[in-house]
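Spelled out from the first residue to the last, the chains are:
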Amino acid sequence: DAGVIQSPRHEVTEMGQEVTLRCKPISGHDYLFWYRQTMMRGLELLIYFNNNVPIDDSGMPEDRFSAKMPNASFSTLKIQPSEPRDSAVYFCASSLGLAGGRNEQFFGPGTRLTVL
Amino acid sequence: AQTVTQSQPEMSVQEAETVTLSCTYDTSESNYYLFWYKQPPSRQMILVIRQEAYKQQNATENRFSVNFQKAAKSFSLKISDSQLGDTAMYFCAFNTNAGKSTFGDGTTLTVKP
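Being a predicted model, the structure only gives us computed values, none of them experimental.

Draft legend 1. Layout of the overall build of chain B. Along its length, chain B carries zero helices and twelve strands. The C-alpha radius of gyration of chain B comes to 13 Å, within 12% of the 13 Å expected for a compact globule of 113 residues. With the C-alpha coordinates of chain B rotated into their principal frame, the extents come out at 40 × 25 × 20 Å. Taken across its 113 residues, chain B has 48% of its residues classed as buried. Long-range contacts, defined as pairs at least 24 residues apart, comprise 54% of the intrachain contacts of chain B with a sequence gap of at least 6. Carbon and sulfur atoms provide 46% of the accessible area of chain B, an area that totals close to 5400 Å². One finds the centroid of the 10 positive side-chain charges in chain B at a distance of 5 Å from the centroid of its 10 negative side-chain charges.

Following this line, the structure appears as structure tokens:
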């Protein structure tokens, strides 16, 4: 398996623009997680899905952020409109489950977002 | 809510020596999971070791081992025979059965030749 795939790896955009980050989880993994990493706030869980259904989005910072998972092999995190404070590395991760030996999260390489 | 505290922002160790990274956490959950992740300069997050809270035996993975003290809510990582490739930021993480993940702020470890 190729692991968790994220695109793009780097994104530079201007304030006010819409940004879409993409993730392909590992095949067979039922859980998908979106994280944001910044120097100030560290690594934060934004939202996670189980079988394509959002389970907990309490970490989503504000209404400008939205995430979807239309099928088991694809998820998007959208920011509209983007602001400079959204600049961060965004990680996607997936796991087989939440408990026991199934809850190891496999991370993608991340997307470094810069909003000018 | 869970909190994870890593009190050592930076550490260094000589190659082949042993180093211990500390982590404490706070939770009211009775069953949970603890992890150590490594993030090298490539920024890829890599799982180093995992511990289930209901297991008393400390987890070990080759040169990496943990000292899990449930009553003290402490979960330290020991790296033996440190190698240059161990240079990275290390994150302690806490997971509940409900999928809530909380990460510490990380410890930057430098292995010196």
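Draft legend 2. Expanded view of the state of the cysteines. Taken as a whole, this structure holds two disulfides over all chains when the rule is applied. Between the sulfur of cysteine 23 of chain A and that of cysteine 92 of chain A lies a disulfide, 1.9 Å long from S to S. One disulfide, between cysteine 23 of chain A and cysteine 92 of chain A, carries an S-S torsion of -65 degrees and so falls in the left-handed class. Here cysteine 23 of chain A is found in strand 3 (residues 19-24), whereas its partner cysteine 92 of chain A is found in strand 9 (residues 88-95), with 69 residues between them in sequence. Its relative accessible area of 0% is what places cysteine 92 of chain A among the buried residues. Paired through a disulfide, cysteine 23 of chain B and cysteine 92 of chain B show a sulfur-sulfur distance of 2.0 Å. Taking the torsion about the sulfur-sulfur bond, which here is approximately -70 degrees, the covalent link between cysteine 23 of chain B and cysteine 92 of chain B counts as left-handed. Residue cysteine 23 of chain B is located in the loop between strand 3 (19-21) and strand 4 (24-26), and its partner cysteine 92 of chain B is located in strand 10 (residues 88-96); the two are separated by 69 residues in the primary sequence. Neither cysteine 23 of chain B nor cysteine 92 of chain B differs from the other in exposure class; each is buried.

Draft legend 3. Structural detail: the sheet that holds strand 1 (residues 5-7) of chain A. All names here are of chain A. Taken together, the four strands give an open sheet; going across it, the order is 1-3-8-7, and neighbouring strands pair in antiparallel fashion. In this open sheet, the two edge strands, each paired with only one partner strand, are strand 1 and strand 7 (65-71). Within this sheet the neighbouring strands show an average axis-to-axis angle of 20 degrees, counted without direction. Inspection of the sheet shows strand 7 paired to strand 8 (residues 74-79) by five bridges, in the antiparallel sense. Within strand 8, the residue paired with phenylalanine 65 across the bridge is isoleucine 79.

Draft legend 4. Region of the structure containing the packing of aromatic side chains. What the rule picks out here adds up to 15 aromatic pairs over all chains. A centroid spacing of 6.1 Å and a plane angle of 80 degrees characterise the contact between phenylalanine 91 of chain A and phenylalanine 107 of chain A, whose relative ring orientation is edge-to-face. Taken as a pair, phenylalanine 91 of chain A in strand 9 and phenylalanine 107 of chain A in strand 10 (residues 106-107) lie far apart in primary sequence, 16 residues in all. Phenylalanine 107 of chain A gets classed as buried once you look at its relative accessible area, which sits at 6%. Feature note: the residues Tyr31, Phe33, Tyr35, Tyr48, Phe91 and Phe107 of chain A together with Phe35, Tyr37 and Phe103 of chain B constitute an aromatic cluster, connected by ring pairs.

Draft legend 5. Inspection of the nonpolar core at higher detail. Residues Tyr25, Trp36, Phe75, Leu77 and Tyr90 of chain B are the most contacted members of the largest nonpolar core, which totals 25 residues. Residue assignment for this core shows that the elements contributing at least two residues are strand 3, strand 5 (32-39), strand 6 (46-52), strand 8 (64-69), strand 9 (74-79), strand 10 and strand 12 (107-112) of chain B. Per-element tally for this core: the top contributor is strand 10 of chain B, with four residues. Counting 21 residues, the second largest nonpolar core, distinct from the first, contains Leu21, Ile26, Met69 and Val115 of chain A.

Draft legend 6. The interface of chain B and chain A, seen in detail. Contact with chain B, which involves 19 residues of that partner, is made by 25 residues of chain A. Both faces combined, the contact of chain B with chain A buries some 1800 Å², and carbon together with sulfur accounts for 45% of it. In this structure, the connection of chain B to chain A is made through zero salt bridges. In this structure, the connection of chain B to chain A is made through eight residue pairs in polar contact (both at pLDDT 80 or more). Every element with two or more residues in the side of chain B that touches chain A is listed here: strand 5, strand 6, strand 10 and strand 11 (101-103) of chain B. When the residues that make up the side of chain B that touches chain A are grouped by side-chain class, the tally is eight nonpolar, seven polar and four charged.

The rules behind the values
- Residues numbered from 1 in each chain as written.
- Chains lettered and ligands numbered in written order.
- Predicted model: local features only at pLDDT ≥ 70, side-chain atom pairs only at ≥ 80, totals over all residues.
- Heavy atoms only, no water.
- Helix = DSSP H or I, 4+ residues; strand = E, 2+ residues; numbered from the N terminus.
- Rg over C-alpha atoms; globule rule 2.2 N^0.38 Å.
- Buried < 20%, exposed > 50% of the residue type's maximum accessible area, 1.4 Å probe, protein only.
- Contact = heavy atoms within 4.5 Å.
- Areas by Shrake-Rupley, 256 points an atom, 1.4 Å probe, with all protein chains shown as cover.
- Lys, Arg positive; Asp, Glu negative; His and termini not counted.
- Charge placed at Lys NZ, Arg CZ, Asp CG, Glu CD.
- Disulfide = S-S within 2.5 Å.
- Pairing = 2+ DSSP bridges.
- Axes fitted to C-alpha atoms, helices over the stretch in contact; angles between N-to-C directions.
- Phe/Tyr/Trp six-rings, centres within 6.5 Å; stacked < 30°, edge-to-face > 60°.
- Core = buried A, V, L, I, M, F, W, Y, C linked by side-chain atoms within 4.5 Å.
- Buried area = accessible area lost by both parts, 1.4 Å probe.
- Salt bridge = Lys/Arg side-chain N within 4 Å of Asp/Glu carboxyl O.
- Polar contact = N/O pair within 3.5 Å; in protein donor to acceptor, adjacent residues only side chain to side chain.
- Nonpolar A, V, L, I, M, F, W, Y, C, P; charged D, E, K, R; others polar.

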